[in-house]
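Read off the chains here:
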Amino acid sequence: AKCVDIALSSCTDVAYTQMAYPNFLDQKTREVIEYSSEYLLISVLHNLLQGECNPDLRLLGCSVLAPQCEKDKVIKPCRHVCENLKKNCLPAFDAIDMAWPYFLDCDRFFAGEEEGCFDPLAKLRGEVDVEEDLPSDLPATFIQFKHHSYSQMVSTLKKTASKCSQIATTYSIGRSFEGKDLFVIEFSTKPGHHELLKPEFKYIGNMHGNEVVGKELLIYLAQYLCSEYLLGNPRIQTLINNTRIHLLPSLNPDGYELAAEEGAGYNGWVIGRQTAQNLDLNRNFPDLTSEAYRRAGIHGARLDHIPIPQSYWWGKVAPETKAVMKWLRSIPFVLSASLHGGELVVTYPYDYSRHPMEEKMFSPTPDEKVFKMLAKAYADAHPVISDKSELRCGGNFVKRGGIINGAEWYSFTGGMADFNYLHTNCFEVTVEVGCEKFPLEEELFTIWHENKGALLNYMEMVHRGIKGIVSDKFGNPIKNARISVRGIQHDVTTAADGDYWRLLPPGTYIISAQAPGYSRVMKRVTIPAKMKQAGRVDFVLRPAEAWPNKLLRRSMENTYDPYDPLELYDPHAQHRQPEARGGSPAGREKPWWWSYFSSLDLHKPLWLLKQ
């Protein structure tokens, strides 16, 4: 074999740079490959499968059509990678009545690891970039204050989780449009599991790809939590021992790559902000705020757990957005913050004005006091935000204490913070962590020290208010029971184990718990001003003689819309589709996708027909 540079447009993003002719299909020139049905298939699979299993399948196909070549030696792709992908993706082919492509035959064109194969999907898992060697005698608390590429970020998170394996793990909530895993590092005394009465907290960074400070802060925070826990820092040990913490440094890794091409110091407002689909993720969530305003005037209507309207799914929904929504369904988050850049202020819901034509209008939620308490917890612990000088970044917000209602700053719809509050139990604020979106590396150390205390202080706020367990008289937990606070038109619901958390500022409240088929129980609760741990308030519900309010019962049982694509959606883009009925009987019409290959004349891919 003779190694040559890859010139196939659909294979230019593979993890290697050279290929060899002929390829594994005995195609001897670039032209023959480009006019082949195999090459056309990998070019259009993304559309045929509606984004499923891609770019995985395209990269796997490229490993056969443009085989890796090093030092004039061809290297086969690994068989186990092919087998895993086929297992996950075959149902997607069945769903459109398409046979598995012959050139992705795992036994014929792929090799075992003992034969020296390569993983064509390593790039998607961030395993390609080589980390620079660091001295072995570095202190345990060492943090490298630099910008991390996607693969460097993944490597750092995995190394951190390995270093603190007893309290940390990594996982992915799904894939970006271009197939990159949306990696999370979790800290808990029982990583990977929800623990009874232990609140769930999350930070999300880099929602806009060109706003990179939040991403770096969360990478540094992960390393800091790990090293300080091991060193016995009492504040960090208390935090991790009593909280389950999830850090998602980059929600938009595709956009970050575009911004990174411009380089540090570039602070444009456009390049990299959106996803590879040209979607702004903070405008892509369902607009539940309009529905909340509609309900606000209805007596007895609740402004919580509002279902996603069916019309939302008619538009373009980013896989990153779906992954977050699925994540919110799977974990009972209590508190969250999304880290942005371009200003220095903390904003809180609602982000959408109650009068759509008003671009700057104070639009509070029923939990205005709670949100102000949360926003101030971050702002007051940040030395620059709390600085009284108006001649600085964020100076416009000094008279407001460094916080502002989102819609009063500027109104927009489809935001993630409003969605958290109106669809789940989670309270989320947005932190604008600095006026530079992509600062120079030498500025990162200072930015970390300005935000470190605020990041910790805000996490500790997850323990304010009350928590408890709702059960029946036999001690069995009651899931989805509603916890109501008199005077606040927003409930929270119990998790699968019957536990709940209700964030509240100090004061005296009438709290009630109710569930379908049970009588309501009410309690008077006082939260002292200096209390920094959630007060324990349990409820035991007894069966009701007759359910008094059929409308309420129906609204409590049907938390989500009957038409709910999220229930079937696999954010890892390898979900099982309903299998096609029967085979392809002789004489039946060609499948709808056959028209994609109409230009091939004599070389149509009959091998894709299930006959």
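Per chain, residues are indexed from 1 in the order of the written sequence. Only residues with pLDDT of at least 70 get local features here, since the model is predicted, and only at 80 or more are side-chain atom pairs given and counted; chain-wide, interface and lining totals rely on the full set of residues. Only heavy atoms go into the side-chain values, all of them from the structure, while hydrogens and water stay out.

**Q** Whenever I open this one, the UniProt feature "active site" (unreviewed entry) in the protein chain confuses me. Can you help?
**A** UniProt positions are given in the numbering used here, feature names are shortened, and annotations may be inferred rather than shown by experiment. If you check UniProt for "active site" (unreviewed entry), the listed places come out as Glu432 in our numbering. Setting aside residues no more than four positions away along its own chain, Glu432 makes contact with His340, Gly341, Gly342, Glu343, Leu344, Val345 and Trp409. Whenever a nitrogen or oxygen atom comes within 3.5 Å of another N or O atom, the pair is scored as a polar contact, on the condition that within protein one atom can donate a hydrogen and the other can accept it, and that pairs from neighbouring residues in sequence are kept only if both atoms are in side chains. Among the polar contacts listed, one links the side chain of Glu432 to the backbone nitrogen of Gly341, at a separation of 3.4 Å. Any pair of residues with heavy atoms lying within 4.5 Å of one another is described as a contacting pair.

**Q** Would you mind showing me how to read the pairing of strand β14 (residues 482-485) here?
**A** The buried label applies to any residue whose accessible area, calculated with a 1.4 Å probe on protein chains only, is under 20% of its type's maximum; exposed applies above 50%, and partly exposed to all values in between. Per the convention used, a helix needs a DSSP run of H or I reaching at least four residues, while a strand needs a run of E reaching at least two, with both numbered from the N terminus. Covered by surrounding structure in β14 are Arg482 and Ser484 together with Ile483 and Val485, the residues of both alternating faces. Pairing between strands is defined by DSSP: at least two bridges between them are needed. Where β14 and strand β15 (residues 488-493) come together, three bridges link them in antiparallel fashion. What sits directly across from Arg482, in β15, is Thr493.

**Q** I would appreciate a short explanation of the packing of aromatic side chains in the present structure.
**A** Aromatic rings in a pair are described by how distant their centres are and how their planes are angled relative to each other. Only Phe, Tyr and Trp rings are paired, with Trp represented by its six-membered ring, and only when their centres lie within 6.5 Å; those with planes under 30 degrees apart are stacked, over 60 edge-to-face, the remainder tilted. Per the counting criterion, the structure on display carries 30 aromatic pairs. Note on Phe93 and Trp100: the rings are 5.0 Å apart at their centroids and 65° apart in plane angle, and the pair reads as edge-to-face. Both residues of the pair, Phe93 and Trp100, count as buried. With a centroid separation of 5.9 Å and 90° between ring planes, the pair formed by Phe103 and Trp607 is classed as edge-to-face. One end of the pair, Phe103, is in the loop between α4 (79-95) and α5 (150-163); the other, Trp607, is in the segment after α15 (550-557), and 504 residues separate them in sequence. Owing to a relative accessible area of 25%, Trp607 belongs among the partly exposed residues under this scheme. Connected via pairs of aromatic rings, a cluster forms that spans Tyr293, Tyr348, Tyr350, Phe371, Tyr421 and Phe427. Residue placement shows Lys215 over the ring face of Tyr256; its charged tip is 3.2 Å from the ring centre. Positioned above the aromatic ring of Phe539, the side-chain terminus of Lys523 is 5.1 Å from the ring centre. Whether a charge sits over a ring depends on NZ of Lys or CZ of Arg being within 6 Å of the ring centre and within 35 degrees of the ring normal.

**Q** What is the right way to look at the packing of helix α2 (residues 37-48) against helix α3 (residues 56-65) in this model?
**A** Packed helix pairs are characterised by how far apart their axes lie and by the angle those axes make with each other. The convention used is that axes are lines fitted to C-alpha atoms, helices contributing only their stretch in contact, and that angles between N-to-C directions extend from 0 to 180 degrees. Closest axis-to-axis distance for the α2/α3 pair is 9 Å, and the angle between their directions is 160°. In terms of orientation, α2 and α3 fall into the roughly antiparallel class. In this structure, the crossing between α2 and α3 has a hand that is left-handed. Counted together, Glu38, Tyr39, Ile42 and Leu45 of α2 and Leu57, Arg58, Gly61, Cys62 and Leu65 of α3 form the full contact between these two elements. Charged means Asp, Glu, Lys or Arg here, nonpolar means Ala, Val, Leu, Ile, Met, Phe, Trp, Tyr, Cys or Pro, and polar covers whatever is left, Gly included. Taken together, the residues that form the contact of α2 with α3 break down as six nonpolar, one polar and two charged. Note on terminology: angles under 35 degrees are roughly parallel, angles over 145 are roughly antiparallel, angles of 65 to 115 are roughly perpendicular, and the others are oblique. Crossings are sorted by hand: turned counterclockwise from the far helix by less than a right angle, the near helix makes the crossing left-handed, and turned clockwise it makes it right-handed.

**Q** Where do I start with the domain arrangement of the protein chain in this structure?
**A** Quite often, the size of an interface is put as the accessible area lost when its parts meet. By convention here, the domain bounds are inherited from an automatic or database domain assignment. On domain assignment, one finds that the protein chain holds domain 1 (2-122), domain 2 (150-463) and domain 3 (466-543). Distance from the C-alpha centre of domain 1 to the C-alpha centre of domain 2: 37 Å. Once two parts are put together, the accessible area they lose, assessed with a 1.4 Å probe and summed over both, is termed the buried area. Summing the contributions of domain 1 and of domain 2, the shared interface buries around 260 Å²; its carbon and sulfur component is 44%. Broken down residue by residue, the surface that domain 1 buries against domain 2 is led by His46, Pro55 and Asp56, which jointly contribute 91%. Here, a salt bridge means any Lys or Arg side-chain nitrogen found within 4 Å of an Asp or Glu carboxyl oxygen. Scanning the region where domain 1 abuts domain 2 turns up one salt bridge. Arg175 is the partner of Asp56 in a salt bridge, and the nearest nitrogen-oxygen pair spans 2.9 Å. The tally of links from domain 1 across to domain 2 stands at one residue pair in polar contact (both at pLDDT 80 or more). Looking at the side of domain 1 that touches domain 2 residue by residue, the class counts come to one nonpolar, two polar and one charged.

**Q** Help me understand the sheet that holds strand β8 (residues 244-248), please; the structure alone is not making it clear to me.
**A** Sheet strands associate in pairs through backbone hydrogen bonding, adopting either a parallel or an antiparallel arrangement. With mixed pairing, the eight strands of this open sheet are ordered in space as β5-β6-β8-β7-β9-β12-β10-β11. With partners counted over all chains shown, the strands left at the sheet margins are β5 (168-175) and β11 (403-405), one partner each. Between one strand and the next, the sheet's axes are offset by a mean angle of 25°, whatever the strand orientation. Here strand β6 (residues 181-187) runs beside β8; their pairing, made up of three bridges, is antiparallel. Bridge assignment links Glu186 to a residue of β8, and that residue is His246. Where helix α6 (residues 213-231) meets the sheet, it contacts β6, β7 (200-205), β8, β9 (333-340) and β12 (427-434), and its direction lies at approximately 140° from that of β7.

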